[in-house]
Amino acid sequence: MNRTYLKFALLLTALILPALSIAQPAPAPMPMPMPAPAPMPKFALPPLLPEVPATVGDVKIDGKKINTAVAKEYKNMLASISQQFARIPAQSHGAAKKYFQGQIDKMPYSYLKGEVFLKLQSQYIKRNKITCTDKEYADFVATIKTRLPQGMTLETALKEQGMSLADFRDFVAWETYAKVQLSPEKAKAFIKANPTYFDG
């Protein structure tokens with residue numbers, strides 16, 4: 001009797017255990033850990049300009065002022081580069097680093113070119129007595145204010161750019177003058193009067 005019961009119990013176990021293993025849900029797969037983003041490479045500081053990197057007429061360009069502006073822009077640029085690197089495939093990091101370092105190295109000279117142009121522009125304005133009316137100035141200021149970040153005043157924006165209100169007035173005079181001089185009618189007349197400039 002006991003032997004028969006033991007055989008029955010073994011048979012029952014052999015039938016039930018596989019069924020139980022099928023009925024139970026499979027364990028959920030463990031999520032694969034995301035690879036940590038590659039650290040952003042180190043970038044060299046932009047080259048420093050000398051104290052007087054250029055002279056326009058008798059006006060000396062302030063190299064220290066440009067270096068200060070570039071140092072501030074460099075920090076902002078690194079923050080932007082960091083965000084972009086997170087989206088760049090690892091195999092492209094070498095090329096990306098070379099590109100970004102090239103942009104960093106150009107920064108002082110881009111600022112210098114801007115300063116030289118502004119000095120040339122200012123001297124041209126004064127030499128040719130180019131001005132703008134009070135209405136033209138007021139209209140230009142009103143347009144600029146609509147483009148400023150919320151809470152920023154025109155004075156603050158000019159200070160960040162290293163411009164005085166007098167410089168800005170010259171800028172408005174230039175923009176007004178250029179708008180007239182570069183009108184389609186003026187351009188056509190210039191091309192007609194100077195065909196050898198446009199001989200292909």
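Conventions we followed
- Along each chain, the written sequence defines residue order, and numbers are assigned to residues from 1.
- With pLDDT at 70 or above as the cut-off, local features in this predicted model cover only qualifying residues; side-chain atom pairs require 80 or more to be listed or tallied, and sums for whole chains, interfaces and linings still use all residues.
- The side-chain figures draw on all heavy atoms in the structure; neither hydrogens nor water molecules are used.
- All axes here are fitted lines through C-alpha atoms, helices being fitted over the stretch that makes contact, and every angle between N-to-C directions spans 0 to 180 degrees.
- Numbering goes from the N terminus for both helices and strands, where a helix is a DSSP run of H or I of at least four residues and a strand is a run of E of at least two.
- Under this scheme an angle from 65 to 115 degrees is roughly perpendicular, one under 35 degrees roughly parallel, and one over 145 degrees roughly antiparallel; angles in between are oblique.
- Residues are treated as being in contact if the distance between any of their heavy atoms lies within 4.5 Å.
- In this count, Pro and Cys sit with the nonpolar residues alongside Ala, Val, Leu, Ile, Met, Phe, Trp and Tyr, while Asp, Glu, Lys and Arg are called charged and the others, Gly among them, polar.
- Computed over the protein atoms alone on a 1 Å grid, cavities are sets of points where a 1.4 Å probe fits but cannot get out and pockets are open sets with protein on both sides within 12 Å along at least five of seven lines; a residue lines them when it has an atom within 4 Å of a point.
- Grid points are joined across faces, edges and corners, and a volume is the space filled by probe spheres set on the points.
- Left-handed is the label given to a crossing in which the near helix is rotated counterclockwise from the far helix by less than a right angle, and right-handed is the label when the rotation is clockwise.
- Under the pairing criterion, centres of Phe, Tyr and Trp rings, with the six-membered ring standing for Trp, must be within 6.5 Å; the plane angle then separates stacked pairs below 30 degrees from edge-to-face pairs above 60, leaving the rest tilted.
- Exposure classes here rest on a 1.4 Å probe applied to the protein chains alone. A residue is buried below 20% of its type maximum, exposed above 50%, and partly exposed in between.

The next thing to look at is the packing of helix 3 (residues 93-127) against helix 6 (residues 165-181). Packed helices, taken two at a time, are described by the angle between their axes plus the distance between the axes. Contact pair helix 3 / helix 6: the axes reach a minimum separation of 10 Å and the direction vectors enclose 75°. As summarised for this structure, helix 3 and helix 6 are arranged roughly perpendicular, according to the angle between their axes. The residues of helix 6 that touch helix 3, namely those facing Phe117, Gln121, Ser122, Tyr124, Ile125 and Lys126, are Asp170, Phe171, Trp174 and Tyr177. Broken down by class, the residue content of the contact of helix 3 with helix 6 amounts to six nonpolar, two polar and two charged.

To find the voids left in a structure, one rolls a probe of water-molecule size over its atoms. Counted as a void, the largest pocket has a volume near 520 Å³. Forming the boundary of the largest pocket are 17 residues, of which Ala69, Tyr111, Glu160, Gln161 and Gly162 lie nearest the centre. Of all the secondary structure elements, the ones that give two or more residues to the lining of the largest pocket are helix 2 (63-85), helix 3 and helix 5 (154-160). Looking at which element gives the most residues to the lining of the largest pocket, the answer is helix 2, with seven residues. Here the lining of the largest pocket is built from residues that sort into five nonpolar, six polar and six charged. Empty space within the second largest pocket amounts to approximately 240 Å³. Surrounding the second largest pocket, 14 residues form its lining, Leu118, Lys119, Ser122, Met163 and Asp167 being those nearest its centre. Those elements that provide at least two residues to the lining of the second largest pocket are helix 3 and helix 6. Among the elements that line the lining of the second largest pocket, the one with the most residues is helix 3, at six residues. Class assignment for the residues of the lining of the second largest pocket results in four nonpolar, five polar and five charged.

Attention shifts here to the packing of helix 2 against helix 3. For the pair helix 2 and helix 3, the least separation of the axes is 10 Å and the interaxial angle reads 155°. Classified by the angle their axes make, helix 2 and helix 3 are roughly antiparallel. Pair helix 2 / helix 3 crosses with right-handed handedness. Along the contact surface, helix 2 presents Lys65, Ile66, Ala69, Val70, Glu73, Tyr74, Met77, Ile81, Gln84 and Phe85, while helix 3 presents His93, Ala96, Lys97, Phe100, Gln103, Ile104, Met107, Pro108, Tyr111, Leu112 and Glu115.

It is worth spelling out the packing of aromatic side chains at this point. The full count for this structure, using the stated rule, is 14 aromatic pairs. On the numbers, 6.3 Å between centres and 70° between planes, the contact of Phe43 with Phe85 is edge-to-face. One end of the pair, Phe43, is in the loop between helix 1 (2-23) and strand 1 (55-56); the other, Phe85, is in helix 2, and 42 residues separate them in sequence. Classification of Phe85 by relative accessible area gives buried; the value is 4%.

Shape descriptors only; they carry no functional weight alone.
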